[in-house]
Number of protein chains: 2
Amino acid sequence: MNAVVLRVTDRLETLLWRRSRPPAEDRWSLPGGFVRQGESLEGAMRRHLAEKVGVTDVGHLEQLDSHSADTHPELWLLDVSYLALIPRGAEPHLPPDTSWHPVEELPTVAFGHAGAIERAHERLRGKLSYSNAAFALAPPRFTLRELADVYEAVLGYAVSPTNLGRVLGRDGLLAPTGGHRRAGAAGGRPAAEFAFTRRELVVSRPLAAFKPPEN
Amino acid sequence: MNAVVLRVTDRLETLLWRRSRPPAEDRWSLPGGFVRQGESLEGAMRRHLAEKVGVTDVGHLEQLDSHSADTHPELWLLDVSYLALIPRGAEPHLPPDTSWHPVEELPTVAFGHAGAIERAHERLRGKLSYSNAAFALAPPRFTLRELADVYEAVLGYAVSPTNLGRVLGRDGLLAPTGGHRRAGAAGGRPAAEFAFTRRELVVSRPLAAFKPPEN
DNA sequence: AGGGTTTTCGCCTGGCGGGCATAAACTATT
DNA sequence: AATAGTTTATGCCCGCCAGGCGAAAACCCT
């Protein structure tokens, strides 16, 4: 099993480690490991993230897909991929062979894991559009501009903070905390602070074609 | 591995078989089996559907999730669940121990498979709202009324054929064939015949919050 | 020919996404 | 203290779309 671990700083980044053992020695790959007998899949994934790359603050963890893999030369086994979202501000102290890489300029990764990263990015883009998935990438409290920056890093195009706040606010997913930020060095009106109301995934528009009856 | 096989007649139905061997002998469960060494997961799923329950005309096949399972008393293994959609009109000839059951009145199923059926139904409901997933449940050609019946069977509430045709038509997912149906025994205006333009899954509204720039 | 039935077309309305201009609030400079 | 520059917030407006409703169209049966 392995995980596409994503976080947002200035760019969208994913966690890679350099393998120290065969197969694919000295090459980059997704962090992961094996499942122990009797262990649940999600439990095993959290164990690997904590033990091997020091990641304990996981905002959201979700299974991507499973497929038969031939990553090990003499072994046939099943490979389960996960998507893990790390909130901004959580700075895990990584082991020396592990580092963040912007998803737009990835090094060559082993085992065809580049495809898994691509699919994870695609899935995240979709989820941002119809859910509150950003709660797992944003810090606990933030301004609308900071939240829009998170969206822009994932989606790849400009997002209006005004509209973002209105849409998420109308769906009841976002609420002001009442606090304000001090203005930056360049001045400007202080920004209001916001926070997500729920920290689980909520699909905001289950209906696109037709609404269920009102009662 | 196992599959939640869904089709629509008057109701939404799923395929169950009565197990002839331990474990859970003589109880209902989802059809499935084991994966062979070197086999792809999707290939194995199609093989089981064809060989064991005679289902070859699969409109859409999609992985639901994997989890560690203790279905077999002395064995620890991984269980992969699939969702399979069968188009209306395809009438597979089932083996004697296999039959369709309306999802609203299921018998007791073994291995906790009732939860998998529930999750599959939920997922299908969502997909109908923001994709052309109905192409895998509807017959090749149909009237708007017949298509609305498919939606109603899955969603559980009334759907307007007029609005359905307008929405899917605007997204370019639906097109009239030019043909017409003869009126029913009770008379009425003959209905125009429609067909889906694409037979792969297309997500019709990737953006709910903000649209990408126009160029 | 006429009544009953089903589909189709057209109109209308409320709501929402999204752009834009203006106001508000702050910093730095003179 | 006044002004310029910068950033955020608010309000207004427009266009599009989902969805409801009524009227017309097209067919069956008596």
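(A) View of the overall build of chain A. A tally of helices and strands in chain A yields four helices and eight strands. Reading chain A from its N terminus to its C terminus gives the helix and strand order β-β-β-α-β-β-β-α-α-α-β-β. For chain A, the C-alpha atoms occupy an extent of roughly 60 × 50 × 30 Å along the three principal directions. For chain A, with 215 residues in total, the buried portion stands at 30%. Expressed as a percentage of contacts within chain A between residues at least 6 apart in sequence, the contacts between residues at least 24 apart total 62%.

(B) Just the protein's contact with DNA strand D, in detail. Around DNA strand D sit 27 residues in total, of which A:Gly187, A:Gly188, A:Arg189, A:Ala192 and B:Gly187 are the nearest. Looking at the surface near DNA strand D, the elements with two or more residues in it are helix 3 (144-155) of chain A together with helix 4 (161-170) of chain B. Here the element with the most residues in the surface near DNA strand D is helix 4 of chain B; it accounts for four residues. Of the residues belonging to the surface near DNA strand D, the class tally is eleven nonpolar, ten polar and six charged.

(C) Quick look at helix 3 of chain A. Residue and element names in this part refer to chain A. For helix 3, with twelve residues, the first-to-last C-alpha span of 16 Å sits near the 16 Å given by 1.5 Å per residue. Residues Leu144, Leu147, Ala148, Val150, Tyr151, Ala153 and Val154 constitute the buried set of helix 3. Turning to helix 3, the residues buried within the fold contact strand 1 (2-8), strand 2 (12-18), helix 2 (113-130), helix 4 (161-170) and strand 8 (192-196). Just downstream of helix 3 lies glycine 156, where phi reads positive at about 90 degrees.

(D) Local environment of the protein's contact with DNA strand C. In the region of DNA strand C, 27 residues are neighbours, and A:Gly187, B:Arg145, B:Gly187, B:Gly188 and B:Ala192 sit closest. Breaking the surface near DNA strand C down by element, the ones donating at least two residues are helix 4 of chain A together with helix 3 (144-155) of chain B. For the surface near DNA strand C, the element with the highest residue contribution is helix 4 of chain A, accounting for four residues.

(E) Here's a closer look at the environment of A:Ala138. Residues and elements named next belong to chain A. Along the chain, alanine 138 turns up in the loop between helix 2 and helix 3. The exposure class assigned to alanine 138 is buried, which follows from the 24 C-beta atoms found within 10 Å. The sequence separation of alanine 138 and arginine 7 amounts to 131 residues, and the corresponding C-alpha distance is 9.0 Å. Alanine 138 has contacts with Pro87, Arg88, Leu147 and Val150, leaving out every residue within four places of it along the chain.

(F) A look at the environment of B:Asp65. Looking at where B:Asp65 falls in the secondary structure, it is placed in strand 4 (residues 60-69). Once the C-alpha coordinates of B:Asp65 and B:Tyr82 are considered, the two residues, 17 residues apart in sequence, prove to be 7.3 Å apart. Setting aside its immediate chain neighbours within four residues, B:Asp65 contacts A:Gln63 and B:Ser81.

(G) Broad picture of the confidence of the model for chain A. This prediction gives chain A a mean pLDDT of 87; 92% of its residues lie at or above 70. A low-confidence stretch, residues 206-210 of chain A stays under pLDDT 50, and its non-local contacts, those more than four residues away or across chains, total 13 contacts.

(H) Seen up close, the pairing of strand 5 (residues 77-85) of chain A. All names here are of chain A. In this structure, strand 1 lies alongside strand 5, joined through five bridges in parallel fashion. Its bridge partner being in strand 5, leucine 6 is matched across the sheet by leucine 85. Of the pairings in the sheet, the one linking strand 4 (residues 60-69) to strand 5 comprises nine bridges and is antiparallel in character. Following the sheet pairing, leucine 61 is matched in strand 5 by alanine 84.

(I) Expanded view of the packing of helix 3 of chain B against helix 4 of chain B. Residues and elements named next belong to chain B. At a closest axis distance of 9 Å, the pairing of helix 3 and helix 4 adopts a crossing angle of 95 degrees. With respect to helix 4, the axis of helix 3 lies roughly perpendicular. Every residue of helix 4 that contacts helix 3 at Leu144, Arg145, Leu147, Ala148 and Tyr151 is listed here: Pro161, Leu164 and Gly165. Its residues assigned to classes, the contact of helix 3 with helix 4 comprises six nonpolar, one polar and one charged.

(J) Just the environment of A:Ser68, in detail. As for its placement among the helices and strands, A:Ser68 is situated in strand 4. The class for A:Ser68 is partly exposed, based on 18 C-beta atoms found within 10 Å. Here the alpha-carbon distance between A:Ser68 and A:Val35, two residues 33 residues apart in the chain, equals 15 Å. Excluding its chain neighbours within four sequence positions, the residues that come into contact with A:Ser68 are A:Leu78, B:Glu39, B:Ser40 and B:Leu41.

(K) Region of interest: the packing of helix 2 of chain A against helix 3 of chain A. Residues and elements named next belong to chain A. The N-to-C vectors of helix 2 and helix 3 enclose an angle of 140 degrees; their axes lie 9 Å apart at closest approach. Regarding the angle of helix 2 to helix 3, the classification is oblique. Every pair of crossing elements has a handedness; the one defined by helix 2 and helix 3 is left-handed. On helix 3, the residues that touch Leu124, Arg125 and Leu128 of helix 2 are Tyr151, Val154 and Leu155. The residue makeup of the contact of helix 2 with helix 3, split by class, is five nonpolar, no polar and one charged.

Rules behind the numbers
- Residues numbered from 1 in each chain as written.
- Chains lettered and ligands numbered in written order.
- Predicted model: local features only at pLDDT ≥ 70, side-chain atom pairs only at ≥ 80, totals over all residues.
- Helix = DSSP H or I, 4+ residues; strand = E, 2+ residues; numbered from the N terminus.
- Buried ≥ 20, exposed ≤ 12 C-beta atoms within 10 Å, placed from the backbone.
- Contact = placed C-beta atoms within 7 Å.
- Near = placed C-beta within 6 Å.
- Nonpolar A, V, L, I, M, F, W, Y, C, P; charged D, E, K, R; others polar.
- Expected span 1.5 Å × (residues − 1).
- pLDDT = per-residue confidence, 0-100.
- Pairing = 2+ DSSP bridges.
- Axes fitted to C-alpha atoms, helices over the stretch in contact; angles between N-to-C directions.
- Parallel < 35°, antiparallel > 145°, perpendicular 65-115°, else oblique.
- Left-handed = near helix turned anticlockwise from the far one by under 90°.

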